[in-house]
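Remarks on the overall topology
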Amino acid sequence: MDLPGSTGEGSTPGPPDGLWLALVLDGRGGARELGWAGVRAWRPGQGALWIHLDPRHPSAVEWLDEQSGLTAEQRSALLQTAERPRLRALEGNGFIASLRGLAPSLDEDSSALAMVRMWIEPERSVSLSQQVLPGVQRAAEAYRAGQGPRDLPALILWLASRLSTSLHEEALDMEDSMAELENLALGDRQGLAEALRVLQRRITRLRQHVAPMKIFVARLLAVSDTWLVKDYAAGWTHLSDETQDTDDVLQALQERVGAVRDSIQERLARRTNQVLYVLTILSAIMLPLTFLTGLMGINVGIQGASYRWMESTRAFFLTFAALAVLAWLEWQLIKRQHLL
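For the structure given in this document, a descriptive report is provided here.

Calculation rules
- Residues numbered from 1 in each chain as written.
- Predicted model: local features only at pLDDT ≥ 70, side-chain atom pairs only at ≥ 80, totals over all residues.
- Heavy atoms only, no water.
- Core = buried A, V, L, I, M, F, W, Y, C linked by side-chain atoms within 4.5 Å.
- Buried < 20%, exposed > 50% of the residue type's maximum accessible area, 1.4 Å probe, protein only.
- Helix = DSSP H or I, 4+ residues; strand = E, 2+ residues; numbered from the N terminus.
- Contact = heavy atoms within 4.5 Å.
- Polar contact = N/O pair within 3.5 Å; in protein donor to acceptor, adjacent residues only side chain to side chain.
- Phe/Tyr/Trp six-rings, centres within 6.5 Å; stacked < 30°, edge-to-face > 60°.
- Arc of directions from axis to C-beta.
- Pairing = 2+ DSSP bridges.

**A look at the nonpolar core**
Of all hydrophobic cores here, the largest spans 37 residues; its most connected members are Met178, Trp236 and Leu250. Taken together, the elements giving at least two residues each to this core come down to β5 (94-100), β6 (115-121), α5 (152-186), α6 (192-221) and α7 (233-296). Ranked by residues supplied to this core, first place goes to α5 with 11 residues. Look past the residues within four positions of Leu250 in its chain and what remains in contact with it is Ala171, Met174, Ile203, Leu206, Arg207 and Val210. Residues Trp42, Leu49, Leu90 and Trp119 belong to the second largest nonpolar core, which totals 21 residues.

Structural data, given as C-alpha cells:
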C-alpha cells in the first residue's frame, strides 16, 4: 500500500498526458474523475481535488509552473529532494509531506526506496510519482465504488492506514515463519542457518519501511491542532500505536533470530569441542607408545631387527602386550583424573 507521489529512481513508463489521476471528491465517499481540461477548469468550492502527476511529462511541468497556483516556495518544496521523512507547514495553510519507502516490497534495497512528496491544502492535494503506485489505484477503486474517504485529511489517513496495516500483517506472517524455524532448530535440521539469514534480511528490510512510517505519523500527531489532523486525531493515534506494535514485533523477531543463531553456534562449538577433546585423548594415549617405539627403533618379529632378542614371534606378542598394558594404564589414569 502506497501513499501517492514518488520521485524514486526506479522509473516506469508514465501516462501519455502526464496525469496519473485527478479526482474531485463529493464528500460522501464518491468522486468524479477529471482530465486536464477539468483540472484546469477546477476552482475552490467545487469539491476537494486530488491530482496525481508524472513530473517527467511536459504537461505536468507546465501545469505546476504556470497553472497550479503554487508559489515558488511551495513548488520548490514539492520538487525538492529530501533525504529524511518530514512534514512541514508552509504559508497558505498547506503542508509538504515527504516520506521514503512507501512500497513495502521486501525485495527492494533500502537505498532504492522512493521518496514521496505531496502538497496538501484544505481543498486540494498535489502528488508526484514516476511509477504506478498500488495505493493510488486502490484509492481510485474505492472512490469508484462510492466507499472512498470523504475529504483530503481522511484520504491521507486512509492511505497511511492501508500501508500500516500491510506492514503489520507482513510482520505477523514473519512471526509464523520464525516459530517454524524455532521448531526446526530443536531438531537440528540442515539448512536452518540459511533460512535464518533469509528471514533476517526480510526483517531488516521491513523495518526500513516501518521507520519512516513512524516518523511521518509522529510528525502528524505533533500538529494535531491543525485542519489536517484534528478531525481524525483518534485515527492517527491508532495508526501510531499500530506502527509501534509493528516495530515491536520486528524487534522481537530480530532478538529471536539472534537467539536461534546463538543456539546453532553454541551447538556447533560444542560438537567441535567434543571432536577436539576425543582427538586430544587419543593423542595423549598414543604419544607415549609412539615415543617408545620411536626411541627404541623397534622392528619386532623380523630378521635383522634392532635387537637380537626381538627377532622371534614371541617377542612381537610380548612387546604388543606390554604396549597394550601401558595404554590401559594411561586410560585408567585419564579416567581417575576425571578427564573423561
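Back to the text.
**Here we look at the environment of Thr226**
By the element assignment, Thr226 lies in the loop between α6 and α7. The sequence separation of Thr226 and Asn93 amounts to 133 residues, and the corresponding C-alpha distance is 9.1 Å. Polar contacts involving the side chain of Thr226 include one to the main-chain carbonyl oxygen of Val223, which spans 2.7 Å.

**Brief notes about the side chain of Thr243**
In this structure, Thr243 sits in helix α7. Take Thr243: its relative accessible area is 3%, and that puts it in the buried class. If near-sequence neighbours (up to four positions away) are discounted, Thr243 is found in contact with Ser164, Val210, Met213 and Lys214.

**Description of the packing of aromatic side chains**
For the structure shown, the criterion picks out two aromatic pairs. Pairing Trp36 with Trp63 gives two aromatic rings, centres 6.2 Å apart and planes at 45°, and the pair type is tilted. With a gap of 27 residues between them, Trp36 in helix α1 (residues 36-41) and Trp63 in helix α2 (residues 58-67) connect regions that are remote in the sequence. Pairing Phe95 with Trp227 gives two aromatic rings, centres 6.0 Å apart and planes at 55°, and the pair type is tilted. Placement of the pair is Phe95 in strand β5 and Trp227 in the loop between α6 and α7, with a sequence separation of 132 residues.

**Some details on helix α4 (residues 134-144)**
Buried within α4 we find Gly135, Val136, Ala139, Ala140, Ala142 and Tyr143. Along α4, the residues classed as buried sweep out an arc of 160° about the axis, all on the same side. One or two positions beyond α4, positive phi appears at Gly146, with a value near 75°.

**Focus: the pairing of strand β7 (residues 124-128)**
The buried fraction of β7 amounts to five of the five residues, a majority that puts the element mostly inside the structure. Two elements, strand β3 (residues 49-53) and β7, share five bridges in a ladder whose sense is parallel. Opposite Trp50, over in β7, you have Ser125 as the bridge partner.

**What to know about the environment of Glu73**
Structurally, Glu73 can be placed in helix α3 (residues 72-79). C-alpha of Glu73 to C-alpha of Leu90: the two residues are 17 residues apart in sequence and 8.4 Å apart in space.

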